[in-house]
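# Coordinates in review
Next come the chains, spelled out residue by residue.
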Amino acid sequence: MTATVTTPGAPTRQRRALSPRALGRRALNRKAVLPWLFLAPGLLLALVFKFVPMGKGIWLSLFEVRPFLGDKWVGLDNYTRVLTDHRFQDAVGHTLVLGIGQSLGAIVVGFVLALLLEGQARSLRIVRTAVFLPVVTATAVVGELWRLMYYPTSDGLINSGLGFLGLGPVPFLDNPNTALWATMAMGIWIWAPYNMVILLAGLAGVDRHLYEAAAMDGVSLWQRLRYVTLPAIRPALGIVLVLAAIRGLRVFTEVYVLTGGGPAGSTEVWMTRAYTLGFTRNDIGGASAASVVLLCVTLLLTVTVNYFRKRGDVR
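Remember, it's a predicted structure, so these values are computed and weren't measured experimentally. (Residues numbered from 1 in each chain as written. Predicted model: local features only at pLDDT ≥ 70, side-chain atom pairs only at ≥ 80, totals over all residues. Heavy atoms only, no water.)

## Description of the overall build of the chain
Summing up its helical and strand segments, the chain has 14 helices and two strands in all. By the burial criterion, 34% of the 315 residues in the chain qualify as buried. Across the chain, contacts joining residues at least 24 apart in sequence account for 65% of those joining residues at least 6 apart. Total accessible area on the chain stands at roughly 19900 Å², and carbon and sulfur atoms take up 67% of it. (Helix = DSSP H or I, 4+ residues; strand = E, 2+ residues; numbered from the N terminus. Buried < 20%, exposed > 50% of the residue type's maximum accessible area, 1.4 Å probe, protein only. Contact = heavy atoms within 4.5 Å. Areas by Shrake-Rupley, 256 points an atom, 1.4 Å probe, with all protein chains shown as cover.)

## Examining unusual backbone geometry
Of the consecutive residues Gly262 and Pro263, the connecting peptide bond is found in the cis state with omega at -5 degrees. Locating Pro263 in the fold gives a position in the loop between helix H12 (253–258) and helix H13 (270–280). Phi at Ala264 takes a positive value of approximately 55 degrees, unusual for a residue other than glycine. Summarising the element assignment, Ala264 is placed in the loop between H12 and H13. Although it is not a glycine, Asn282 sits at a positive phi angle of roughly 55 degrees. Residue placement: Asn282 occurs in the loop between H13 and helix H14 (284–314).

## Quick word on helix H10 (residues 221–232)
Between its first and last C-alpha, H10 extends 15 Å over twelve residues, near the 16 Å set by a 1.5 Å rise per residue. Along H10, the residues classified as buried are Leu225, Val228 and Thr229. In an axial view of H10, the angular spread of the buried residues amounts to 125 degrees, which keeps them on one side of the axis. Facing away from the buried surface of H10 by more than 90 degrees, the exposed residues are Trp222 and Tyr227. On its buried side, H10 packs onto helix H4 (86–116), helix H8 (179–204) and helix H9 (208–216). (Expected span 1.5 Å × (residues − 1). Arc of directions from axis to C-beta.)

## Examining the packing of H10 against helix H11 (residues 234–249)
Contact geometry of H10 with H11 gives a least axis separation of 5 Å together with a crossing angle of 65 degrees. Facing H10, whose interface residues are Leu230, Pro231 and Ala232, H11 presents Arg234, Pro235 and Leu237. Here the contact of H10 with H11 is composed, by residue class, of five nonpolar, no polar and one charged. (Axes fitted to C-alpha atoms, helices over the stretch in contact; angles between N-to-C directions. Nonpolar A, V, L, I, M, F, W, Y, C, P; charged D, E, K, R; others polar.)

## Description of the nonpolar core
With 18 residues, the main nonpolar core has Ala114, Leu199, Val206 and Ile233 as its most contacted residues. Elements that contribute at least two residues to this core include exactly H4, H8, H10 and H11. What Ala114 contacts, discounting residues up to four positions off in sequence, is Met196, Leu199, Leu200 and Leu203. Ranked by size, the runner-up nonpolar core spans 15 residues in total, among them Val82, Trp270, Ala274 and Leu294. (Core = buried A, V, L, I, M, F, W, Y, C linked by side-chain atoms within 4.5 Å.)

## Considering helix H6 (residues 139–149)
Where H6 is concerned, the buried positions are Val142, Gly143 and Trp146. Here the buried residues of H6 occupy an arc of 100 degrees about the axis, which is enough to place them on one side. Close packing links the buried residues of H6 with helix H5 (122–136), H8 and H12.

## Observations regarding the environment of Leu113
Structurally, the position occupied by Leu113 is in helix H4. With 84 residues separating them in the primary sequence, Leu113 and Val197 have C-alpha atoms 9.2 Å apart. If sequence neighbours within four positions are ignored, Leu113 has contacts with Val131 and Met196.

The structure is reproduced here in structure tokens:
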């Protein structure tokens, strides 16, 4: 019988025997795992509170939800019923008008604010902070303030200002012809500062020598904006456009606080219609179907906008 004697230095020699490639692979594995450890809590929360409910909503959209009686499989009937509902179709039309108007208005106003507030002066920093306050304020609070400003008598803030111009009090939120536009104005006021910050970051990367060369050549202000500023901030504009498109389709709080979808359904949008189906009419299947369709449209719109943005960057 032969005894095997292991010398104390054997493990050390084995570790030293590892090739540099194996050591590099081990270090790479550690570097690959470490970020996921930091991301794990956030991913877990997203899974529990976002992706699982999303999957449940897709599942419920295929059923007639009957509490205490058992859900009944209906397939795509919920989608057919929702998409052929004239009130839902009107809500989609209102969503498109409000989303396009609010997005374009916020982009234009944000761009103007970015041009006016660009610079390194300390006073500009204070003004930029003040202008950005609507973004960090709760949308429900902002909506309540605007609802008071739109008060339909001469005591309202806006109507009192119109009184100095000899214009009678305007029922902004009580008139079906003006309610949607009044809601759009509030949305522009909320999101224009958000776009301003992104566009300011884009303006910071513009080469100042291009402005100096344009000034020496006698280029007008409009030509400077068109041929120097806008091409330079195209990536920032692309980001703003994607975010604005998503926001426009998913608008809810502004409408719910200001009008609740009224008067006479003139401001009812996609999300408020889904909310009404689910929580007022107790039609969980229909509300889930409307939400799933919104998810699909949002994904399609995001992919389309990104595709055209990348094509523009390549050109």
